[in-house]
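Architecture and fold: a report
If you want the building blocks of each chain, they are given just below.
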Amino acid sequence: MSFALMKAAPGGPLSIYLENPDIRPEDIAAIRAQLGLDDPVPVQYLRWLGNLVSFDWGYSFVTHEPVIDRIAQRLPNTLVLMGVSLVLTLLIAIPVGVLAAVRQYSWFDYTATAGAFFGISMPVFWFGLLLILTFAVQLRWLPTSGMATIGTEFDLIDRVRHIAMPAGVLALVSAAGYSRFIRTAMLEVIHQDYVRTARAKGLRERLVIARHAAKNAALPFVTLLALDLPDLFTGAVVTETIFAWPGMGRLYLDSVSRLDYSVLMAILTVSAALLLLSNLIADLLYAYLDPRIRYR
Amino acid sequence: MRGIFAIPIAMLLVASACAPAGPSGQPAATGEQAKSGGTARVTMNQEPDTLNPLFGGGLRVANTVMQAVFSGLWVNDEKGDFQPDLAAEVPTVQNGSVSRDGKTITVKLRKDVKWADGKPFTAQDVKFNWDIAKPTSSALRNITEFNVKDDHTIEWKMGTVFGAYLTLFSYPSGIVPKHAFPEGATPDDVKKHEFGRKPFGTGPFKVTEWQAASHITLEPNASYFGGKPKLDKIVFRITPDKNTQLAQVRAGETDLAVDLIETDAPELERLDGWRILTVAGPTSDRLFLNLAKPGDPADNTTPHPVLGDKNVRKALELSINKQELVDKVLLGKTKVATSEYPVGWAAPNIPPTRYDAAEAQRLLEQAGWRPGADGIREKGGTRLKLSVNSTTGNKLREDVEALIQAGWKRIGVELEIKNQTAAVLVGEWSAGGTVQKGKHDIAFYGFTPGIDPRSSVSVRFHSDQIPRDEPGKQNGSNNMRFRNAEVDKLADEADATLDLEKRKANYTRIMQIVAEEVPIIYLYNRANIEVASQKVVGLKSHPFRWITWNTHEWGLR
């Protein structure tokens, strides 16, 4: 499906050659034929599918490297960025969401709501740039961009300084959404009978919230989280671009704009597979957490 | 990103470097003694596709890096003339290295050249480059015989006389080492070889590290024949966002930012400790007018209902205030463009068109276009409405489009702006590319001609280059579908003679005809803007090459 859509879109990977004064039209024809771009689309699709089955992802039309290499170069970087931002997200979203629900209509709840609206509505490219100008250019506390200081050995502190802003921006934005979700889920369970029963038994409030309320409120949240798993692979296009993070998001963007079919198809296939997998994980987790829908 | 095709083969220095705060107004860094060692950090906004010069797409960023790594047989000096590089001398008819009939060319190579790995450079290397590149280069296939006479002499014979023979094996198609590849490697093997990620050549530096989407590190070639490089390292850092690049400059995280545009200049001119290198080059942004009836594909035998009329085309050109574009949009950093190649030995002297809306109105009246109810002209029930396609996301071109739109509205022409991504706008014929298929009225983008006018004039205006559904003819560059018998004849003659005066006269005549017939409206030349820290010395803009042309002379104060 995506293969057909991609091929149906006008444009081609050789557009960079067309206005190169040293490359003549006959040469472009020769290059196209060499790359197999002139075969009928079904033939190209079958060839691609056949290669896929034998784990041959082919070569990039733009850089001539094996597609698998291109992905392997970027994937670890994206996993690090998305992983760190996910942990940060949870560290912010869970306490904020729970507390906002427990203290509904308190000053904290209002502040959290305002913060969440700020996070949801703020454009990442603008906020990212603002951070760069503040922390890198004005205060010089952090480096503007990149993953590490170039030309130095691995240094954890250096890495942390580089990841702080991109992961922070990502975490703030997704924590805004998650915290709202958690707050709603908590509010729902907090007024349930069993929570009242727990309190009536004389359990301490903290224990009521943690053991009885939060555990149940976590059900829908865990599903939501599992469904976001493919993001770990696909990365974040805008954040990666602004902070020059060498990740999958930028690879995807570059491949789209240059119509590098083989790389695009690889990314789409893997993310489709991950989407299915994350759905499965979500279902299994749900069954595990909620005894009511466990299979007999 | 300037130009959707970043391939400036040549650049012209218009304004020399100016120090923002220096008391004399002179660049403080030039002429200063550099100490040895140190790292120069360069930031650029795109990643090269490959660093194998035989298989690159001509990306400007790739050429900027490769220029520090590879050498050609000869290169352009600051006047645009060819000077020997790997060759001992430039072959000409006068020195006897080009045969009387112009078909046999003998080249003597320098004997003291070593590759960055210490192995000697020989004639076999040059032949290897010809072998590998010819399947995808018709210009190289015109060489019918390639003989290695001895280790340092080659001789090639050409099927037809090729006036631009010095563009073969010249920069940017730097020579790659034969021994870097397995014996008997095919062109496909060479293309996919890891050499493209970690190349070495005969230039001052070699690539020692390329981290995808992050940076490329260069270290000196100790055996460089042009002298030992002063720096220990050059690091090219890839930063896709322009604002982040400028933040790197302000935060002192870089020493040189390449490939900026005119509108970046005002902010940078105020920075202490930095200097701006401004170079205006042969790149010009222009409107390509489709003279044939648009369609998928265009009907090359039927004139465009509006643009088919020369007087309408002239009226459109007269009602664009080009000087205003230069002053307002490009902040006065460049000049109005008048022809395909404003610099070099063959540059024609074509005066800029004037801005004359009254004359434009008169021409349109004369052509039978009368104002309709809403002020837009009509003729026989057809509205005078055109669309323009440029590349999406290019702020500068969007501003220009808006100004042109306003100017044309004043003379009763409606312009619709329909921008597309580069891969669509200039995609190949079989991929349904807009200009190749001729679906458009007007295409708007930049082009950078090579040093020899053949590659920009003959290829652009010859009627044989009109894209059409015939084998090998689909991706011709005459996307204006311009047809002129005199131009065809002049181009054929000029391409097939070695007489420079005759070639120059013919190409100039073609540009005069083009100015008269208006298949292309040249708008403005593009400046090439770089900003460098005062710490770096030895940086010098070159009229015809990239900023990295003399990296062996770069140093830190």
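Residues numbered from 1 in each chain as written. Chains lettered and ligands numbered in written order. Predicted model: local features only at pLDDT ≥ 70, side-chain atom pairs only at ≥ 80, totals over all residues. Heavy atoms only, no water.

**A few points about the overall build of chain B**
To be explicit about the condition: Counting from the N terminus, the helices are the DSSP runs of H or I reaching at least four residues and the strands are the DSSP runs of E reaching at least two. The atom set for the radius of gyration is the C-alpha atoms, and the globule formula is 2.2 Å times the number of residues raised to the power 0.38. Buried, partly exposed and exposed residues are distinguished by accessible area as a fraction of the type maximum, computed with a 1.4 Å probe on protein chains only: under 20%, between the cut-offs, and over 50%, respectively. Two residues form a contact once any of their heavy atoms are found within 4.5 Å. To be clear on the numbers: accessible area is Shrake-Rupley with a 1.4 Å probe, and residue cover counts the displayed protein chains and nothing else.
Broken down by element type, chain B carries 15 helices and 23 strands. Since a compact globule built from 557 residues should have a radius of gyration of about 24 Å, the 24 Å found for chain B is in line with a globular shape. Overall, the C-alpha framework of chain B stretches about 75 × 60 × 40 Å when taken along its three principal axes. When burial is assessed residue by residue, chain B has 61% of its 557 residues classed as buried. Residue pairs in contact within chain B that sit at least 24 positions apart in sequence constitute 68% of those at least 6 positions apart. Carbon together with sulfur atoms contributes 49% to the accessible area of chain B, which is approximately 19700 Å² in total.

**A closer look at the overall build of chain A**
Each helix and strand counted, chain A has 14 helices and zero strands in total. For chain A, the succession of helices and strands along the chain, N to C, is α-α-α-α-α-α-α-α-α-α-α-α-α-α. Residue burial in chain A is summarised as follows: out of 296 residues, 45% are buried. Considering only contacts in chain A between residues 6 or more positions apart, those separated by 24 or more positions represent 68%. Carbon together with sulfur atoms contributes 68% to the accessible area of chain A, which is approximately 15200 Å² in total.

**Concerning the sheet that holds strand S15 (residues 370-371) of chain B**
Quick note on the threshold: When DSSP finds two or more bridges between two strands, those strands count as paired.
On the basis of which strands lie adjacent, the open sheet formed by three strands has the order S15-S16-S17 (chain B) and antiparallel pairing. Edge positions in the sheet fall to S15 and strand S17 (382-383) of chain B, since each of these pairs with one other strand and no more.

**Structural notes on the sheet that holds strand S5 (residues 104-108) of chain B**
All names here are of chain B. As a reminder of what qualifies: Convention adopted: a line fitted to C-alpha atoms gives each axis, helices being fitted over their contacting stretch, and angles between N-to-C directions are expressed from 0 to 180 degrees.
On the basis of which strands lie adjacent, the open sheet formed by three strands has the order S5-S7-S6 and antiparallel pairing. Looking at which strands have only one partner, the edges of the open sheet turn out to be S5 and strand S6 (143-150). The mean inter-strand angle of the sheet, taken between neighbouring strand axes irrespective of direction, is 15°. Contacts between helix H2 (residues 123-133) and the sheet are confined to S6 and strand S7 (153-158), with S6 contributing the most and set at about 165° to the helix.

**So, the nonpolar core**
Residues and elements named next belong to chain B. Inclusion rule: Think of a nonpolar core as a cluster: buried Ala, Val, Leu, Ile, Met, Phe, Trp, Tyr and Cys residues, connected wherever their side-chain atoms sit within 4.5 Å.
In terms of nonpolar packing, the biggest core is built from 78 residues, with Leu73, Trp74, Ile143, Trp156, Leu168, Phe169 and Leu218 touching the most fellow members. If one sorts the elements of this core by residue count, H2 sits on top with six residues. Here Phe169 is in contact with Gly72, Leu73, Trp74, Val126, Trp130, Leu140, Ile143, Phe146, Trp156 and Ile175, once residues within four sequence places are set aside. Grouped together as the second largest cluster of nonpolar side chains are 62 residues, Ile261, Val487, Val514 and Leu523 included.

**Points about the confidence of the model for chain B**
All names here are of chain B. As a reminder, the rule being used: Per residue, pLDDT measures the predictor's confidence, with a range of 0 to 100.
Averaged over every residue, the pLDDT of chain B is 88; the share at 70 or more is 93%. The low-confidence segment residues 1-31 (pLDDT under 50) makes 111 contacts with residues lying over four places distant or belonging to another chain. Scored by ipTM, the complex comes to 0.85, with pTM at 0.86.

**Re the pattern of salt bridges**
Oppositely charged side chains are able to pair whenever their charged atoms sit close together. All names here are of chain B. Convention followed: Definition used for salt bridges: Asp or Glu carboxyl oxygen within 4 Å of a side-chain nitrogen of Lys or Arg.
Counted under the stated rule, the structure contains 50 salt bridges over all chains. Here Glu340 and Arg286 are joined by a salt bridge, their closest N and O atoms 3.2 Å apart. Here Glu340 is found in the loop between helix H8 (322-329) and helix H9 (357-366), whereas its partner Arg286 is found in strand S12 (residues 274-289), with 54 residues between them in sequence. Each member of the pair, Glu340 as well as Arg286, carries the same accessibility label: buried. The salt bridge partner of Glu486 is Arg509, with a shortest N-O separation of 3.5 Å. Here Arg509 lies in helix H15 (residues 500-517) and Glu486 lies in helix H14 (residues 485-495), a separation of 23 residues in the sequence. Here Glu486 falls in the partly exposed class, since its relative accessible area comes to 39%.

**Side note on H8(B)**
All names here are of chain B. Rules: What the arc covers is the set of directions going from the helix axis to the C-beta atoms.
Within H8, burial applies to Lys322, Leu325, Val326 and Val329. With its buried residues spanning 110° around the axis, H8 presents them on a single face. On its buried face, H8 sits against helix H7 (310-318), helix H10 (395-410) and strand S21 (520-533). Just past H8, the residue Leu331 takes up positive phi, approximately 55°.

**A few points about the pairing of strand S19 (residues 414-417) of chain B**
Residues and elements named next belong to chain B. Stated precisely, the cut-off is as follows: Place the viewer so that the strands point away; then a crossover is right-handed whenever the path from the first strand over the helix to the second strand goes clockwise.
For strand S18 (residues 385-389) and S19, the ladder comprises four bridges, and the chain directions are parallel. Looking at S19, one finds that Val388 is bridged to Ile417. Assessed by its sense of winding, the connection that carries the chain from S18 through H10 to S19 is right-handed.

**Some details on the packing of aromatic side chains**
Residues and elements named next belong to chain B. Convention followed: When two rings of Phe, Tyr or Trp (its six-membered ring) have centres within 6.5 Å they constitute a pair, described as stacked for plane angles under 30 degrees, edge-to-face for angles over 60, and tilted for the intermediate range. Both a distance and an angle decide whether a charge sits over a ring: NZ of Lys or CZ of Arg must be within 6 Å of the ring centre and within 35 degrees of the ring normal.
Within the structure shown, the criterion is met by 17 aromatic pairs over all chains. Note on Phe128 and Phe181: the rings are 5.6 Å apart at their centroids and 25° apart in plane angle, and the pair reads as stacked. Taken together, the residues span a long stretch of sequence, with Phe128 in helix H2 and Phe181 in the loop between S7 and helix H4 (187-192) at a distance of 53 residues. The exposure class assigned to Phe128 is buried, which follows from its relative accessible area of 7%. With a centroid separation of 5.1 Å and an interplanar angle of 50°, the aromatic rings of Tyr224 and Phe225 are classed as tilted. Looking at Tyr224, the relative accessible area reads 14%, which means it is buried. Look at Phe225 and you get buried, because its relative accessible area is 17%. Taken together, the ring pairs in this structure connect Phe70, Phe128, Phe181, Phe195 and Phe200 into an aromatic cluster. Sitting over the ring of Trp429, Lys437 keeps its end group 5.3 Å from the ring centre. Looking at Arg460, its charged tip hangs above the ring of Phe447, at a distance of 4.7 Å from the centre.

**Points about the pairing of S7(B)**
Residues and elements named next belong to chain B. Taking burial as the measure, the six residues of S7 include five buried ones, the bulk of the element. Two strands pair when backbone bridges link them, and S5 and S7 are joined in this way by five bridges, in the antiparallel orientation. The residue bridging Val107 from the neighbouring strand is Ile154, located in S7. Bridging between S6 and S7 involves six bridges; their strand directions are antiparallel.

**Points about the packing of helix H5 (residues 67-102) of chain A against helix H14 (residues 261-289) of chain A**
For any two helices packed against each other, the geometry is given by the interaxial angle and the distance between the axes. Residue and element names in this part refer to chain A. Our working definition: Working rule for angles: under 35 degrees goes down as roughly parallel, over 145 as roughly antiparallel, 65 to 115 as roughly perpendicular, anything else as oblique. In a left-handed crossing the near helix is turned counterclockwise from the far helix by less than a right angle, and in a right-handed crossing that turn is clockwise. Amino acids outside the nonpolar list (Ala, Val, Leu, Ile, Met, Phe, Trp, Tyr, Cys, Pro) and the charged list (Asp, Glu, Lys, Arg) are all regarded as polar, and Gly is one of them.
Following both chains from N to C, one finds H5 and H14 inclined at 60°, their axes separated by 9 Å at the closest point. For the element pair H5 / H14, the angle class is oblique. Judged by the twist between their axes, the crossing of H5 over H14 is right-handed. Touching Val67, Arg70 and Ile71 of H5 are Ser262, Val263, Ala266 and Ile267, all from H14. Class assignment of the residues belonging to the contact of H5 with H14 gives a composition of five nonpolar, one polar and one charged.

**Considerations on a nonpolar patch on the surface**
Residues and elements named next belong to chain A. What counts is decided by this rule: Patches in this entry comprise residues that are over 30% relatively accessible and not in a salt bridge; like charges within 9 Å are linked, as are nonpolar side chains (Val, Leu, Ile, Met, Phe, Trp, Tyr) within 5 Å.
A surface patch of nonpolar side chains, amounting to about 530 Å² of accessible area, comprises Val80, Val84, Val87, Leu88, Leu91, Ile92 and Leu172. Following the sequence through the fold, Leu91 ends up in helix H5. For Leu91, a relative accessible area of 58% puts it in the exposed group.

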